[in-house]
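Structural characterization, general
Residue-level listing of the chains:
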Amino acid sequence: MRTPKLIIGLLVLVALTTLTAPSAAVPTPEHRGAARGKVFRGWAFDTCTTPPLRTMSAWRKSNFRGVAVYFGGRGRFCKKQPHLSASWLRQVDRMGWSVLPVYVGSQSPCVLVPHKKKVRIGRDAWGQGRKEGLDAVRRAKAYGMKRGSALYLDIENYSMAKWQCRKPTLTFVRGWNRAVRGQGYVPGFYSSLSSGIWHMERARKAGYGDLPGALWYARWNGKPRAHPIPGVSPQAWRGASIHQYRGPKKEKYGGHAMEVDRNLVNAPVAVLR
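None of these values were measured; they are calculated from a predicted model. Position labels on residues start from 1 in each chain and follow its written sequence. The predicted origin of the model limits local features to residues at a pLDDT of at least 70 and limits the giving and counting of side-chain atom pairs to 80 or more, whereas totals for whole chains, interfaces and linings rest on all residues. The side-chain quantities take in all heavy atoms of the structure and omit both hydrogens and water.

Here is the rule: rings of Phe, Tyr and Trp (six-membered ring for Trp) pair when centre to centre is within 6.5 Å. Planes less than 30 degrees apart are stacked, more than 60 are edge-to-face, and the remainder are tilted. All told, the structure shown has 11 aromatic pairs when counted by the stated rule. Relative to W59, the ring of F45 lies with its centre 5.0 Å away and its plane at 55°, an arrangement referred to as tilted. A residue pair is termed long-range when its members are at least 10 positions apart, and F45 in strand β1 (residues 39-46) and W59 in the loop between α2 (53-58) and β2 (64-72) qualify at 14 residues. For the pair formed by F45 and W59, the shared burial category is buried. Through successive ring pairs, a cluster of aromatic residues spans F45, W59, F64, W97 and Y253. For helices the rule is a DSSP run of H or I covering at least 4 residues; for strands it is a run of E covering at least 2, with both sets numbered from the N terminus onward. Burial classes: relative accessible area under 20% of the type maximum marks a residue as buried, over 50% as exposed, and values in between as partly exposed (1.4 Å probe, protein chains only).

Right under this line is the structure:
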């Protein structure tokens, strides 16, 4: 989730207006984050590699009570996760932590992060999305995450200028959501405010189905606000939104230091018990 600071430019505004939509579209329960599992409200951090248990114990001295874990996906930057296991998840759950599972799958054809360009969405966006959604569920189950858990698809910042980019990206996300939701999990979605989040809101207004049940938006303005999301209807994704409000910074608690992003959460998380 290493997303640069977001500048909402004129080019993005022009691009978004090309996605036509009926103005009276009403958000369905899936767009309001109708989670059947656990909802966490509070502060959370994310860092590339899952921390060891001793660090998680030491960080109980912080104001954080939520932690993101990168549990799968071919676009995951830190592929080696030596500490992440079903046992690790059970133990941090007992410590009182809430877990936000993040799946970094294929990326938009117009992804702006250079090292993500090698994992772009292919020709069969829907099929690829469904396949990766089922993979996310399989991995979640292996880690002991139960039905009702939220699984967050990480789609990094991408250009909204071309329909040839927007269409397969939305199709992939919808396919992923369909697969995840069909297995009894809550499909969440992480992206930058100026690309993926605005894209989902425009799709909601246009009446698309198979949209995320929760939104996690990156806007590094240092002013935490989970809801309402800027540019998104206050009635949509109520009780199912997260703001990543600050990028990587080194913090230390209980003698253990980590470089983390900060998040304010009011959204579904993993169900481990």
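What follows covers the packing of helix α5 (residues 163-182) against helix α6 (residues 193-205). Packed helices, taken two at a time, are described by the angle between their axes plus the distance between the axes. Structural elements are reduced to axes, namely lines fitted to C-alpha atoms, with helices fitted over the stretch in contact, and the angle between N-to-C directions of any two is expressed from 0 to 180 degrees. One way to put it is that α5 packs onto α6 with a least axis distance of 11 Å and a crossing angle of 80°. When the interaxial angle is binned, α5 and α6 end up roughly perpendicular. Between α5 and α6, the residues in contact are R166, L170 and V173 and H199, M200 and A203, respectively. Each residue gets one of three labels, nonpolar for Ala, Val, Leu, Ile, Met, Phe, Trp, Tyr, Cys and Pro, charged for Asp, Glu, Lys and Arg, and polar for the others, Gly among them. The residue makeup of the contact of α5 with α6, split by class, is four nonpolar, one polar and one charged. An angle below 35 degrees is treated as roughly parallel, one above 145 as roughly antiparallel, one from 65 to 115 as roughly perpendicular, and anything else as oblique. It only takes one pair of heavy atoms within 4.5 Å for two residues to be counted as in contact.

What follows concerns the sheet that holds strand β7 (residues 241-253). By the convention used here, strands pair only if DSSP detects at least 2 bridges between them. Read around the closed barrel, eight strands run β1-β2-β3-β4-β5-β6-β7-β8, paired in mixed fashion. Strand-to-strand twist across the sheet, computed as the mean angle between neighbouring axes with direction ignored, equals 35°. Examined bridge by bridge, strand β6 (residues 214-218) and β7 share four bridges and lie parallel to one another. Each residue of the ladder has a partner; that of L215, found in β7, is S241. In this fold α5 packs onto β3 (98-103), β4 (150-154) and β5 (186-192), with an angle of close to 150° to the strand it touches most, β5.

On to the nonpolar core, then. A general trend in soluble globular proteins is that nonpolar side chains are found buried together. Residues belong to one nonpolar core when they are buried, are Ala, Val, Leu, Ile, Met, Phe, Trp, Tyr or Cys, and are joined through side-chain atoms within 4.5 Å. Core analysis: the largest hydrophobic core is formed by 50 residues, its most contacted members being F45, F71, M145 and L151. Among all residues touching M145, those that are not within four sequence positions of it are F71, L89, P101, A140, L151, Y185, A270, V271 and L272.

Our focus in this paragraph is the side chain of S195. Within the secondary structure layout, S195 lies in helix α6. When residues no more than four places from it in sequence are discounted, the contact partners of S195 are N157, Y158 and M160.

Glancing now at unusual backbone geometry. Of note, the amide linkage connecting H227 to P228 takes the cis form, showing an omega dihedral of -5°. A positive phi angle, close to 55°, is found at D210, a residue other than glycine. With respect to the element layout, D210 can be found in the loop between α6 and β6. Phi is positive for W237, which is not a glycine, with a value near 55°. The topology assignment puts W237 in the loop between β6 and β7. Since its relative accessible area comes to 0%, W237 is described here as buried.

Running from amino to carboxyl end, helix α4 (residues 125-142) crosses α5 at an angle of 40°, the nearest separation of the two axes being 7 Å. Along this stretch, α4 crosses α5, giving a crossing that reads as right-handed. Of the residues in α5, those touching α4 at A125, W126, Q128, G129, R130, E132, G133, L134, A136 and V137 are P168, T171, F172, R174, G175, W176, R178, A179 and V180. Here the contact of α4 with α5 is built from residues that sort into 10 nonpolar, five polar and four charged. Handedness of each helix crossing follows the sense of rotation of the near helix against the far helix: counterclockwise by less than a right angle gives left-handed, clockwise gives right-handed.

As far as function goes, none of this settles anything; it's purely spatial.
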